[in-house]
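# Per-entry structural report
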Amino acid sequence: MAESIESLKRENEALKKELELYKKDATYRGFYVQNKIVNQQIDILEKFNLEDEIKSNPKEDKYYDRAMKISEGMPDTIIGLNKLKVELKITGNEDRDKKNVPLVERLAETRT
C-alpha cells in the first residue's frame, strides 16, 4: 500500500508540473528568451574583427561563416522582436510582463 501512495504522489507531482506549463504564457517568456539570444549574438559580433577573420584559413576556422550567418539574420530578428514588443506591450519589466496569466485569461481581457 505504501508503494502505491508513493507512486500516486509522484504522479500527482508530475501532473502539477504539466499543468503549470499550460498556465504559463509562452509569448512573453519567448520574447525575453529571444531578446537574450539576440543580445548574446550582438556581444559576439562586437568582438568580431573582419580584418583578422578574412586572413584566417576558411578550411580550418568557420568562425567567419558563423558570424556572417548571425549578422545576416539579425535585422529580421530585431524587427520581429520590435513588432512583438509593440504588440505585446512589453514594458521592459520582465517580472511584470511574465506574470503567470493563463493565455485564455489574457485573451479574455483583450476582448472586453
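Everything that follows concerns the structure shown earlier in this document.
An account of the accompanying structure is given in this report. Residue positions are counted from 1 within each chain, in the order its sequence is given. Side-chain atom pairs in this predicted model are given and counted only at pLDDT of 80 or more, local residue features only at pLDDT of at least 70, and totals for whole chains, interfaces and linings cover all residues. With hydrogens and water stripped out, all remaining heavy atoms of the structure feed into the side-chain values.

## Some details on the pattern of salt bridges
- When a carboxyl oxygen of Asp or Glu lies within 4 Å of a side-chain nitrogen of Lys or Arg, that pair is called a salt bridge. Taken as a whole, this structure holds three salt bridges when the rule is applied.
- Across the pair Lys9 and Glu6 runs a salt bridge whose closest N-O atoms are separated by 3.9 Å. Separated by three residues within a single helix, Lys9 and Glu6 lie in helix H1 (residues 2-23), roughly one turn from each other.
- Exposure remark for Lys9: the relative accessible area of 49% places this residue in the partly exposed category. Counting from the N terminus, the helices are the DSSP runs of H or I reaching at least four residues and the strands are the DSSP runs of E reaching at least two. Throughout, exposure labels follow a simple rule: accessible area from a 1.4 Å probe, protein chains only, divided by the maximum for the residue type, with under 20% read as buried, over 50% as exposed, and the rest as partly exposed.

## Points about the nonpolar core
- Grouping buried Ala, Val, Leu, Ile, Met, Phe, Trp, Tyr and Cys residues that are joined through side-chain atoms within 4.5 Å yields what is termed a nonpolar core. The biggest cluster of nonpolar side chains holds seven residues, and these are Tyr28, Phe31, Tyr32, Val38, Leu81, Leu88 and Ile90.
- When contributions to this core are tallied by element, the ones reaching two or more residues are helix H2 (26-47) and helix H4 (63-88).
- For this core, the leading source of residues is H2, giving four residues.
- Those residues in contact with Tyr32 that sit more than four places away from it in its chain are Ile90, Gly92, Asn93, Glu94, Asp97 and Lys98. In this analysis, two residues are considered to be in contact whenever any of their non-hydrogen atoms come within 4.5 Å of each other.

## Here's the deal with the packing of aromatic side chains
- Here a pair means two rings of Phe, Tyr or Trp (six-membered ring of Trp) with centres within 6.5 Å. Their orientation is stacked below 30 degrees between planes, edge-to-face above 60, and tilted elsewhere. Under the defined criterion, the tally for this structure stands at three aromatic pairs.
- Three or more aromatic residues joined by ring pairs make a cluster, and in this case those are Phe48, Tyr63 and Tyr64.

## Details of a nonpolar patch on the surface
- In this scheme, patches are assembled from residues that exceed 30% relative accessible area and form no salt bridge. Like charges are connected within 9 Å, while nonpolar side chains (Val, Leu, Ile, Met, Phe, Trp, Tyr) are connected within 5 Å. A 1.4 Å probe and the Shrake-Rupley method give the accessible areas. Residues count as covered only by the protein chains that appear here. Together, Leu19, Leu21 and Tyr22 make up an exposed nonpolar region whose accessible area comes to about 370 Å².
- As for its placement among the helices and strands, Leu19 is situated in helix H1.

## Some remarks on H2
- The first and last C-alpha atoms of H2 sit 32 Å apart over 22 residues, in line with the 32 Å expected at 1.5 Å per residue.
- For H2, the complete set of buried residues consists of Tyr28, Phe31, Tyr32 and Val38. Burial along H2 is one-sided: seen end-on, the buried residues are contained in an arc of 120°. Exposed side chains of H2 directed beyond 90 degrees from the buried face belong to Ala26, Lys36 and Lys47. The length a helix should cover is 1.5 Å for every residue beyond the first. Starting at the helix axis, one direction is taken to each C-beta atom, and the arc is that of these directions.

## Topic: the environment of Leu88
- Within the fold, Leu88 resides in helix H4.
- Residues Leu88 and Phe31 lie 57 residues apart in sequence; the distance between their C-alpha atoms is 9.2 Å.

## Here's the deal with H4
- Helix length check: H4, at 26 residues, gives a terminal C-alpha distance of 35 Å against a target of 38 Å (1.5 Å per residue), a fit within 8%.
- Two axes enter the bend calculation: one fitted to the seven residues ending at the residue in question, the other to the seven starting there, and the bend is the angle between them. Along its length, H4 reaches its greatest deviation from straightness, about 40°, at Met74, and the proline Pro75 lies no more than four positions downstream.
- Every buried residue belonging to H4 is among Ala67, Met74, Leu81 and Leu88, and all of these are buried.
- The positive-phi residue at the C-terminal boundary of H4 is Lys89, with phi of around 55°.

## Digging into unusual backbone geometry
- A positive phi is found at Lys89, a non-glycine position, where the angle reads about 55°.
- Checked against the element boundaries, Lys89 lands in the loop between H4 and helix H5 (94-97).

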